[in-house]
Amino acid sequence: NVLKLKMKNQSAVKEFILLGFPDVPSIKMTIFVLFLVFYVSTLIGNMIIIITTAINSQLHTPMYFFLSNLSFLEILYISVTIPKMLVNVLLKSNSISFMVCAAQTFLFIALGSIECTLLAVMAYDRYVAICNPLQYIVVMDITSCLSLVCSSWVSGFLNSMIHTVLTFNLHFCSSNKINQFFCDIPPLLKVSCSNTAINELVLFIVGGIYGFGSFITTLISYLHIISTILKIKSKEGQRKAFSTCASHLIVVTLFFGTSFSAYLKPTTREESQEQEKLVPVFYAVITPTLNPIIYTLRNKEFNNVLRKMCRMIFADNTYSNKEIKRS
């Protein structure tokens, strides 16, 4: 009887209702347009980085290899949440099925975990390049780069599997209303009628070890980088050295700052609803949109290559149009 009751409770919720935005048509359409702009901007910005890096041999270096992987990751990351939200607004529906919610949670946590590790890998790459430049080619060869990227993806999916399995083994019998525009662990724990103490403990310990491990690796790398840069006597040399890692440092601060504030804290039902909704928007929407902008605006080498590509494309089009007119 107890087993049947548990199964009944667990199957009581067939779908969840996402309450991320006010149910006011004018506000929802404004949010729809805003998020659509964010989504398209993220796709375009990251595709430009991937394509430019792929077709220019000048950018076939470990740094741009990792940057291309990060750009591909950002496209997947934002695609897990935004399209479903846009479709819901168009269909005037806030529902998401139990299985789709589980899949969305798994992919979102997995891709976020991979980004944690990948950012740490990129920091290590800059550490080797600046602190041990003579060994850079040997240390960061193609085998090492592929191994680091593959390790990031495998560990990210394993980390997500632990949290997703624990979360969706809970009973959701009291409420199916999630105070967010996508399925994520903190709001799911709040609507569960089970004891979530173990989930919160695992989220804090395993997630903390994973997240803080990546953060500490990044921090140590940058402490060595800054120490090495300060030893450079030339101000111009210091500026050039710092410019190669300044963009990454900004991205790291944005991502880790918002992620830690969302996951590595106790889950309280009394938390401000506005705060609960706002923080995920930063790491799920705004950060993926800003990343390509930050990297391209502060990267002279990438900008120079992109300008050359644009000039070549424009010149080819002009030449083709002239040939067509002559014929």
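Residues numbered from 1 in each chain as written. Predicted model: local features only at pLDDT ≥ 70, side-chain atom pairs only at ≥ 80, totals over all residues. Heavy atoms only, no water.

## Concerning the overall build of the protein
Part 1 of the reasoning: Helix and strand counts for the protein come out as twelve helices and three strands.
Part 2 of the reasoning: Across the 327 residues that make up the protein, the buried fraction comes to 46%.
Part 3 of the reasoning: Residue pairs in contact within the protein that sit at least 24 positions apart in sequence constitute 82% of those at least 6 positions apart.
Part 4 of the reasoning: Total accessible area computed for the protein in this model is approximately 17200 Å², and 69% of it derives from carbon and sulfur atoms. (Helix = DSSP H or I, 4+ residues; strand = E, 2+ residues; numbered from the N terminus. Buried < 20%, exposed > 50% of the residue type's maximum accessible area, 1.4 Å probe, protein only. Contact = heavy atoms within 4.5 Å. Areas by Shrake-Rupley, 256 points an atom, 1.4 Å probe, with all protein chains shown as cover.)

## What to know about the packing of aromatic side chains
Part 1 of the reasoning: Summed over all chains, the structure comprises 16 aromatic pairs.
Part 2 of the reasoning: Judged by centre distance (5.3 Å) and plane angle (90 degrees), the rings of Phe16 and Phe172 are edge-to-face. Linking Phe16 in strand S1 (residues 15-18) with Phe172 in the loop between helix H7 (142-167) and strand S3 (177-178), this pair joins segments that are 156 residues apart in sequence.
Part 3 of the reasoning: Clustering of aromatic rings is evident, with ring pairs tying together Phe35, Phe38, Tyr77, Phe108, Phe181 and Phe182. (Phe/Tyr/Trp six-rings, centres within 6.5 Å; stacked < 30°, edge-to-face > 60°.)

## Description of the sheet that holds S3
Part 1 of the reasoning: Taken in spatial order, the three strands line up as S2-S1-S3 in an open sheet, and their pairing is mixed. Lying at the two open borders of the sheet, with one neighbouring strand each, are strand S2 (95-97) and S3.
Part 2 of the reasoning: Strand direction decides the pairing type here: S1 and S3, joined by two bridges, are parallel. Residue Ile17 lies in a different strand from S3, and its bridge partner there is Lys177.
Part 3 of the reasoning: Sitting on the sheet, helix H5 (residues 98-131) is in contact with S1, S2 and S3, with an inclination near 85 degrees to S2. (Pairing = 2+ DSSP bridges. Axes fitted to C-alpha atoms, helices over the stretch in contact; angles between N-to-C directions.)

## Describing the nonpolar core
Part 1 of the reasoning: Counting 67 residues, the largest nonpolar core has Phe16, Phe35 and Leu119 as the members making the most contacts within it.
Part 2 of the reasoning: For this core, the element with the most residues is H5, which contributes 13 residues.
Part 3 of the reasoning: Core analysis: the second largest hydrophobic core is formed by seven residues, Ile130, Ile225, Ala241 and Cys245 among them. (Core = buried A, V, L, I, M, F, W, Y, C linked by side-chain atoms within 4.5 Å.)

## Points about the UniProt feature "transmembrane region" (unreviewed entry) in the protein
Part 1 of the reasoning: When the UniProt feature table is mapped onto this chain numbering, "transmembrane region" (unreviewed entry) sits at residues 29-51, 63-82, 102-124, 136-158, 201-225, 246-266 and 278-297.
Part 2 of the reasoning: Here residues 29-51 is 100% helix and 0% strand, with 32 Å between the C-alpha atoms at its ends.
Part 3 of the reasoning: Taken end to end, residues 201-225 is 100% helix and 0% strand, and its first and last C-alpha atoms sit 34 Å apart. (UniProt positions renumbered as here; feature names shortened; annotations may be inferred.)

## Some points on the pairing of S1
Part 1 of the reasoning: Every second residue of S1 is oriented toward a common face, the buried set being Phe16 and Leu18 and the non-buried set Glu15 and Ile17.
Part 2 of the reasoning: Bridge analysis of S1 against S2 gives three bridges, and the strand direction is antiparallel. In the sheet register, Glu15 faces S2, and the bridge partner there is Ser97.

## Describing a nonpolar patch on the surface
Part 1 of the reasoning: On the surface, Phe212, Ile216, Leu219, Ile220 and Leu223 cluster together into a nonpolar patch covering about 440 Å² of accessible area.
Part 2 of the reasoning: Assignment of secondary structure puts Ile220 in helix H9 (residues 197-230).
Part 3 of the reasoning: On the basis of relative accessible area, Ile220 is assigned to the partly exposed category, the value being 43%. (Patch = residues over 30% accessible without salt bridge, like charges linked within 9 Å, V, L, I, M, F, W, Y side chains within 5 Å. Salt bridge = Lys/Arg side-chain N within 4 Å of Asp/Glu carboxyl O.)

## Digging into the environment of Leu90
Part 1 of the reasoning: In this structure, Leu90 sits in helix H4 (residues 82-91).
Part 2 of the reasoning: A relative accessible area of 56% places Leu90 in the exposed class.
Part 3 of the reasoning: It is 9.6 Å that separates the C-alpha atoms of Leu90 and Lys28, two residues lying 62 residues apart in sequence.

## Looking at unusual backbone geometry
Part 1 of the reasoning: A positive phi angle is found at Lys92, which is not glycine, with a value near 55 degrees.
Part 2 of the reasoning: Take Lys92: it is sitting in the loop between H4 and S2.
Part 3 of the reasoning: Since its relative accessible area comes to 77%, Lys92 is described here as exposed.

## Focus on the confidence of the model for the protein
Part 1 of the reasoning: Chain-level statistics for the protein give a pLDDT mean of 81 and a share of 84% at 70 or above.
Part 2 of the reasoning: Contacts of residues 1-11 to residues separated by more than four positions or lying in other chains number eight contacts, the stretch itself having pLDDT below 50. (pLDDT = per-residue confidence, 0-100.)

## Describing the environment of Pro292
Part 1 of the reasoning: Its location among the elements puts Pro292 in helix H11 (residues 273-297).
Part 2 of the reasoning: Residues in contact with Pro292, not counting those within four places in the same chain, are Gly45, Asn46 and Ile49.

## A short note on the environment of Cys101
Part 1 of the reasoning: In this structure, Cys101 sits in helix H5.
Part 2 of the reasoning: Note on Cys101: relative accessible area 0%, which makes it buried.
Part 3 of the reasoning: With residues up to four places along the chain from it excluded, the contact list for Cys101 reads Phe16, Ile96, Phe168, Ile178, Cys183 and Leu188.

## Thoughts on the packing of H7 against H9
Part 1 of the reasoning: Closest axis-to-axis distance for the H7/H9 pair is 10 Å, and the angle between their directions is 170 degrees. As judged from the angle between their axes, H7 and H9 are roughly antiparallel. Between H7 and H9, the residues in contact are Ser152, Ser155, Gly156, Asn159, Ile162, His163, Leu166 and Thr167 and Asn199, Val202, Leu203, Val206, Gly207 and Tyr210, respectively.
Part 2 of the reasoning: When grouped by side-chain class, the residues that make up the contact of H7 with H9 number six nonpolar, eight polar and no charged. (Parallel < 35°, antiparallel > 145°, perpendicular 65-115°, else oblique. Nonpolar A, V, L, I, M, F, W, Y, C, P; charged D, E, K, R; others polar.)

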